[in-house]
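The residues making up each chain are set out below.
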Amino acid sequence: MEIISKDGGILVKGVECLDLDLTLDCGQAFRWEKQDDGSYSGVAGGHFLNISKNGDDLFFADTEKEVFDGFWRGYFDLDKNYVQICDTLKQDSLLSSTIDSYYGIRILNQESWEALCSFVISQQNNIKRIKLIINRLCRAYGEEIKDGWYTFPSAERLAALSVEDFEKLGVGYRAKYLEKLSKDVASGVIDLEKIKSLSLDEARKALLDIYGVGIKVANCALLFGFQFYSAFPVDVWMKRVMEYYPDGLPECFSGIEGIAQQYLFHWARNNL
């Protein structure tokens, strides 16, 4: 991997196994928008980015080397060997062909607070509506960092809101969950950094103790926002996939169950 400052951005050459469509528009993050030229624009970690791909070269526009090194490099998990991971997962017969068909899905290392809020909002919701609600939330209470692009509001900012304020954003019954979650995180009753330091089982239990967080939301947050690659979210699609594994998940999934889940989930949505 070669990193070059170029044209007001960062060119990263030799990035294998990263498909922007499959990674940014698969339901693990909700603030990326595909542009007419095929690139994606979005906000994460308080930073705006436009990202495009040409072969194995990525171009990070509108960013500086310091921000790339401090945030985007980790967000896109550029130092993890996904080629090796995919080769390991392909020991499973179902994933062998699936990975070939949908090569390039990566887990984004999102901020814990944004991921947890996003997946609370995602309950009983479709991706289009989730994106609309989160966009409203950010426009109303985030900070504008580029024309029309806003940061995800902090827990401290949202802690000042009432249930009624959240309801005005169209979150429905989830308003009471978001109101309490914001206040508990802002006050320190819920310590997200401490949760990240726990074992998977302990972290899952801590999230399940949060008002409004069930097993699916907990596992999604653990995988996408707390960097637990062994978390394995199960929804209606994955329940159907599990019929192909009557004896449980294969050994080659060990420690990277969440990455396997993303491939299986995509396969299920397109084939079942």
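Please read all numbers here as calculations on a predicted model, not as lab measurements.

Enquirer: How do you make sense of helix H5 (residues 112-121) when you look at a structure like this?
Expert: Owing to its 3.6 residues per turn, the α-helix aligns residues three or four sequence positions apart on the same side. Counting buried positions along H5 yields 10 of 10 residues, so the element is predominantly enclosed. The set of residues buried in H5 consists of Ser 112, Trp 113, Glu 114, Ala 115, Leu 116, Cys 117, Ser 118, Phe 119, Val 120 and Ile 121. On its buried face, H5 sits against helix H6 (127-141), helix H7 (155-158), helix H9 (175-187), helix H10 (192-196), helix H11 (200-208) and helix H12 (215-225).

Enquirer: So what exactly am I meant to see when it comes to the packing of aromatic side chains here?
Expert: What characterises a pair of aromatic rings is the spacing of the ring centres plus the angle enclosed by the ring planes. This structure, assessed with the given rule, holds 17 aromatic pairs. When the ring of Phe 119 is compared with that of Phe 224, the centres are 5.6 Å apart and the planes differ by 20°; the resulting orientation is stacked. Of this pair, Phe 119 sits in helix H5 while Phe 224 sits in helix H12, and the two are 105 residues apart along the sequence. Judged by relative accessible area, which is 4%, Phe 119 ranks as buried. Taking relative accessible area as the criterion, Phe 224 reaches 3% and is therefore assigned buried. Ring centres 5.9 Å apart and planes at 85° place the aromatic pair Tyr 173 and Tyr 177 in the edge-to-face group. An aromatic cluster of three or more residues is present, and its members are Trp 32, Phe 60, Phe 68, Phe 71, Trp 72, Tyr 75 and Phe 76. Lys 80 extends its terminal NZ or CZ atom over the ring of Tyr 229, reaching a point 4.4 Å from the ring centre. In this structure, Lys 176 packs its charged tip against the face of Tyr 177, placed 4.8 Å from the ring centre.

Enquirer: I'm lost on the sheet that holds strand S3 (residues 32-34) in this one. Help?
Expert: As a general point, the strands of a sheet are linked pairwise by backbone hydrogen bonds and lie either parallel or antiparallel. Reading across the sheet, the 6 strands line up as S1-S2-S6-S5-S4-S3 and stay open at both edges, with antiparallel pairing between neighbours. Strands at the two margins of the open sheet, each flanked by one partner only, are strand S1 (2-6) and S3. Each strand of the sheet is rotated relative to its neighbour by a mean of 20°, with strand direction disregarded. In this sheet, strand S6 (residues 57-61) lies alongside strand S5 (residues 47-54) in antiparallel orientation, the contact comprising 5 bridges.

Enquirer: Looking at this structure, I do not really get the side chain of Glu 114. What am I missing?
Expert: Relative to the assigned elements, Glu 114 resides in helix H5. Put simply, Glu 114 is tucked away with no salt bridge, and the nearest opposite charge, on Arg 31, sits 4.7 Å away. Apart from residues lying up to four places away in sequence, Glu 114 is in contact with Arg 31 and Phe 152.

Enquirer: It is not clear to me how the pairing of S1 should be interpreted in this structure. Could you clarify?
Expert: Summarising the sheet, S1 and strand S2 (residues 9-13) pair through 5 bridges and their orientation is antiparallel. What sits directly across from Ile 3, in S2, is Val 12. Two successive antiparallel strands, S1 and S2, enclose a turn made up of 2 residues, where Asp 7 displays a positive phi of approximately 50°.

The rules behind these values
- One numbering rule holds for all chains: residues counted from 1, following each sequence as written.
- Under the rules for a predicted model, residues below a pLDDT of 70 receive no local features and side-chain atom pairs below 80 are neither given nor counted, while totals for whole chains, interfaces and linings still include all residues.
- For the side-chain quantities, the full set of heavy atoms in the structure was used; hydrogens and water were omitted.
- Under the scheme applied here, a residue whose accessible area is under 20% of the maximum for its type counts as buried, over 50% as exposed, and between as partly exposed, the area being computed with a 1.4 Å probe on protein chains only.
- For the purposes of this entry, the term helix denotes a DSSP run of H or I that reaches at least four residues, the term strand denotes a run of E that reaches at least two, and both are numbered from the N terminus.
- In what follows, residue pairs with any heavy atoms lying within 4.5 Å of each other are defined as contacts.
- Ring pairs are drawn from Phe, Tyr and Trp, using the six-membered ring of Trp, whenever the two centres fall within 6.5 Å, and their geometry is named by plane angle: stacked under 30 degrees, edge-to-face over 60, tilted for the rest.
- Both a distance and an angle decide whether a charge sits over a ring: NZ of Lys or CZ of Arg must be within 6 Å of the ring centre and within 35 degrees of the ring normal.
- One bridge is not enough; two strands pair if DSSP finds at least two bridges between them.
- Here, axes are lines fitted to C-alpha atoms. For helices the fit covers the stretch in contact, and angles between N-to-C directions go from 0 to 180 degrees.
- Neither His nor the chain ends contribute to the count of charged residues, in which Lys and Arg are positive and Asp and Glu negative.
- Salt bridge, as used here, is a side-chain nitrogen of Lys or Arg placed within 4 Å of a carboxyl oxygen of Asp or Glu.

Treat this as a map of the structure, not an account of what it does.
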